[in-house]
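Results of the structural survey
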Amino acid sequence: MSIPDYMQCAEDHQTVLVVVQPVGIVPEDQFFRIYKRIASVRQLSVRDSQRLLFIRYRHHYLPENNEWGDFQTHRKVVGLIAVTTCSSSRDWPHTADRFHAQKEVYSSTLYDSRLLVFGLQGEIAEQSRPDMVFYPSFEECSDVERRVEDFVESIFIVLESKRLDRATDKSGDKIPLLCVPFEKKDFVGLDTDSRHYKKRSQGRMRKHVGDLCLQAGMLQDALVHYHMAVELLRAVNDFLWLGGALEGLCSASVIFHYPGGTAGKAAGCKPSVCQPVDAGKRHRPGAQEVLIDPGALTASGISADTSAEIGRAKNCLSPEDIIEKYKEAISYYGKHKNAGVIELEACVKAVRVLAIQKRAREASEFLQNAVYINLGQLSEEEKIQRYSILSELYELIGFHRKSAFFKRVAAMQCVAPTISEPGWRACYKLLLETLPGYSLSLDPKDFSKGTHRGWAAVQMRLLHELVYASRRMGNPALSVRHLSFLLQTMLDFLSDQEKKEVTQSLENYTSKCPGGMEIITLPDGLTLPPVPFTKLPIVRSVKLLNLPVSLQPHKLKGVLEGNLSNASPFIYSPILMQSRGEERCKKIDFQWVQGDVCEVQLMVYNPMPYELRVENMGLLTSGVEFESLPAALFLPAESGLYPVTLVGVPRTAGNITVNGYHTSVFGVSSDCLLEDLVGVKASGCLVEVIPSLPRLQLSTSLPRSTHSSQATSKEELPSSVSVQLFNGELQQLTITLENIGSIDIETLELTSKNSNKDKMFGEFLSWDLEEAVRHLPLKPGQAVTLSVSIRVKLDFSGQENLLQDLNDDGISVTGWPISSPLRQVLKPRPESKPLGSESGKAEYSHVKSLEAVLKFKYSGGAGKVEGYYRELSLGVHVNVEPSLFFTRVSTLPATSTRQCHLLLDIFNPTEHELTVSAKNNQDLVLHASECQRMAIQVDRFDFESLPQAGQQTPHLSSPKQLEEERQLAHGCQISSKLGICWSIISFASCCNTVQRRSAG
């Protein structure tokens, strides 16, 4: 016997073996359908008896294994059921001959046989034959199970007669010596009359009768016979049969203790008798085989005496003794090299018993012994089966990694060099079954939870073998998937050289079969989930960016949110408030606009030792229609955190959720979801997209400035202009507004904001928007111009440093100081200049700065209907230099009492030559840093005729404000009377007026 039955278990010793085989040409599917129905009759209750007969079916059984039927009767083929097809009476003789030839194979051991004939009708089928059953077709065979039961009853009758024949003590008759096949030549010429020979024959026969009793459902008698056989065989050192008797004793005890069976089947064999509830308490590990109750033996197996149950309990081994006897039996088997199969099967049976007892460590010792049992020259298929069964048994006792090891050995055996046609598919299937044992899963999500489990080196080896096996199978998609999984999950354990090799292999595979995110389904139903490259590159943070300041939408005050009206009919609902709170937690506090480019910033890191090329990188979104604009990246080796901005355009309005991003790396397309990224800081992923709004672009006649505004430091200005003027000068700023969007601009408003601390007279910026509004609605591509007047009138009278410089030069500065305007300088002006001929080395800077922001508020399209608008800001920065100083003011009487002469000492602080003119007076030329006196004849001023401060401005309440208003009114009156203007001769500029006010 060279091929072991790895599915054997201890309870198989009580079964009778029936072989079911096809004869002639029988469709495979039809045969196994009939075989399944036949095999459903697994046990039979014997008539007029309390016994059960258990049947074990096989559709393939080697005749050489049948030769060991005397050693263990459950190995003996006692029944044969042949299945055949015959369509005509002409073929019947040939079919019958085949059946008889099949019976001849097992003729030495057969008790009975049956032939099931399908398809034959007519005279032959109508003849009554005890060993043949005819059916019209495979569909019309409703009584197959009943026929099988009748067949099993006939087997039991023969079995019972043999048991009675062997069990009866025939005094004076010589007992035949039972032998195993390899012993027959050793017993030739022995003295059959010797006492040793007779005792050996008696011991073997006792063991044989015990097997028959166990098969016949007589557990009590079997135990007694096994005990007696052990004593007889031990005395003559018949080790092989002693091992068989001990194994039979173990099997009978296992059947008694574990009525559910040890094979792990859902429907185990029922015990021949019910096990007492306190059976485990009635014997201890010290129970020995000498506790024999010969009086318990009966001829029929039925005992009316309740002492039979007591005898059975005495003769049954305890669970601990079962294992000890198994060890002893296996040691005896090991003394005979020709009993390797018996030894191996005994190890398997013991392991199954230990698995029920949850004694994994002892079971592993039996399995370790089974590994080294030499069975001679095994075929590759037998080696594969052996390693597979070892793997299943290790799995049964909980040794998962050991189980995976033998499963992998079986997989490698499928493609051994000695096999002419390697079974790569079988190898691949077995390799997949090893994954759980090595703590390996094909789902990448399992590797993002906590620390890495298992031995990474072994796992990488196994994944490489999966890649190679799938390639040899001719399935490149599988190779790409497994190689992608290896790179994604084992990246931290790969050396730099291994990373290069794996990526090169991956690129070679994907050049023929690109990798994607589809689920791969294997023929056996196993599915391989997609493997997104979340580590190529590694993403550390994800941040949704607001639109640029000039494109950010604003909500009109007083316009209610559209979703509040239909949110709930109740004033308060706790469920609704909770859902709103959760939405606010995820929702970002700014909006995107339909049709505008939106940005998401990722901080990424390249873990590879070389430059990483990432192609087709874009956003994954849900909620609204979104057009992602892919980007290509080239990240340097081990780049550190590197900012990447992904852009896209929402095409509809609503709430959009940024779920992740997609990439293409090494030919593998990946959809990386934010929820799968480990340790990623996200600032929220839900943002509202409002309906479309127009886009406005402005250009100015003045050059752009990079000056950072102090007045508007809290907001970012998209653009600003800078100009340098003398105090009092007027400058025109022309602004061109162009609609660069696709929506009509329907409304346009302009406001200004400034936070200057210096006192100004009059408006700093002024404009007329009516002309521009008349061009509305402004179509896409159209433009409109707007003129803004910049006039600065500052009070330089408080410049103590400058006045001190003037006094140091001997210039009197008493009297009323007069404020004067400023002019734009067309070339850079020095921050310092000489003040006079005597102190030309002195330096000073008296430039003041003014800042303001022009805000264009515009709207149109669907966004306007929803109450949204945009603001476009322009910063205006003006540097103001002083133009004229009136250092002394005095009066002289004129010839008329209604007039007087006004004497003004005028100082030119600029570096240019000035011309000063007044009403009815000659022009006065002032050189740089020169001071001269101008006499002007004017009418006397009547300040009492002016309206009192506070009458026109009732909002001014404090005395200081009232006084300032009064002085401003007086200054305007004086300026209108004098009409003083100045101009710089070197510049062709218009005359600029001078405004006067009292010093106060």
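Please refer to the structure higher up on the page.
Bear in mind that the values here come from a model prediction, so they are computed numbers and not experimental data.

**Quick word on the packing of helix 7 (residues 219-235) against helix 8 (residues 239-257)**
With their axes 9 Å apart at the nearest point, helix 7 and helix 8 run at an angle of 155 degrees to one another. Our classification of the angle between helix 7 and helix 8 gives roughly antiparallel. The hand of the helix 7/helix 8 crossing is left-handed. Two secondary-structure elements touch here, helix 7 through Leu219, Leu223, Tyr226, His227, Ala229, Val230, Leu233 and Arg234 and helix 8 through Trp241, Leu242, Ala245, Leu246, Gly248, Leu249, Ala252, Ser253 and Phe256. Residue composition of the contact of helix 7 with helix 8, grouped by class: 13 nonpolar, three polar and one charged.

**Side note on unusual backbone geometry**
With an omega of -5 degrees, the peptide bond running from Leu536 to Pro537 counts as cis. Mapped onto the elements, Pro537 comes out in the loop between strand 8 (527-528) and strand 9 (538-544). Omega for the bond connecting Leu776 with Pro777 falls within 30 degrees of zero, at -5 degrees, which places this linkage in the cis form. In this structure, Pro777 sits in the loop between helix 20 (770-773) and strand 26 (783-791). Positive phi values are uncommon outside glycine, yet Asn237 reaches one of about 55 degrees. With respect to the helices and strands, Asn237 occurs in the loop between helix 7 and helix 8.

**Quick notes on the pattern of salt bridges**
In this structure the tally under the stated criterion is 32 salt bridges. The residue Arg114 makes a salt bridge to Asp112 at a minimum N-O spacing of 3.0 Å. Of the charged contacts, one joins Lys779 and Asp744 as a salt bridge, the two residues approaching to 2.9 Å between their closest N and O atoms. Residue Lys779 is located in the loop between helix 20 and strand 26, and its partner Asp744 is located in the loop between strand 23 (730-739) and strand 24 (747-753); the two are separated by 35 residues in the primary sequence. Relative accessible area serves as the criterion here: at 22%, Asp744 is assigned to the partly exposed category.

**Some words on the packing of aromatic side chains**
Throughout the structure, instances matching the rule amount to 18 aromatic pairs. Each ring, one from Tyr394 and one from Phe406, has its centre 5.5 Å from the other, and the planes form 5 degrees; the classification is stacked. Linking Tyr394 in helix 13 (residues 380-396) with Phe406 in helix 14 (residues 400-414), this pair joins segments that are twelve residues apart in sequence. For the pair Tyr394 and Phe406, one class covers both residues: buried. Joined through ring pairs, the aromatic side chains of Trp68, Phe71, Phe182, Trp241 and Tyr333 make up one cluster. Over the aromatic face of Phe239 sits the side chain of Lys335, whose NZ or CZ is 5.3 Å from the ring centroid. Positioned above the aromatic ring of Trp455, the side-chain terminus of Arg401 is 4.2 Å from the ring centre.

**Observations concerning the side chain of Gln357**
Mapped onto the elements of the fold, Gln357 is located in helix 11 (residues 340-357). What makes Gln357 buried here is its relative accessible area of 16%. Those residues within four positions of Gln357 in sequence are excluded, and the remaining contacts are Tyr258, Pro319 and Ile323.

**Describing the nonpolar core**
By size, the foremost hydrophobic cluster in this structure holds 81 residues, and its most contacted members are Tyr428, Leu487, Leu536, Trp592 and Leu602. Sort the elements by how many residues they give to this core and helix 16 (residues 456-472) lands first, with seven residues. Those residues in contact with Leu536, other than ones at most four positions away along the chain, are Leu487, Leu491, Pro607, Met608, Leu612, Val665 and Phe666. The next biggest cluster of nonpolar side chains, apart from the first, holds 65 residues, and it includes Ala10, Leu223, Ala229 and Phe366.

Here is what the cut-offs are and how they apply
- Residues numbered from 1 in each chain as written.
- Predicted model: local features only at pLDDT ≥ 70, side-chain atom pairs only at ≥ 80, totals over all residues.
- Heavy atoms only, no water.
- Axes fitted to C-alpha atoms, helices over the stretch in contact; angles between N-to-C directions.
- Helix = DSSP H or I, 4+ residues; strand = E, 2+ residues; numbered from the N terminus.
- Parallel < 35°, antiparallel > 145°, perpendicular 65-115°, else oblique.
- Left-handed = near helix turned anticlockwise from the far one by under 90°.
- Contact = heavy atoms within 4.5 Å.
- Nonpolar A, V, L, I, M, F, W, Y, C, P; charged D, E, K, R; others polar.
- Salt bridge = Lys/Arg side-chain N within 4 Å of Asp/Glu carboxyl O.
- Buried < 20%, exposed > 50% of the residue type's maximum accessible area, 1.4 Å probe, protein only.
- Phe/Tyr/Trp six-rings, centres within 6.5 Å; stacked < 30°, edge-to-face > 60°.
- Lys NZ or Arg CZ within 6 Å of the ring centre and 35° of its normal.
- Core = buried A, V, L, I, M, F, W, Y, C linked by side-chain atoms within 4.5 Å.

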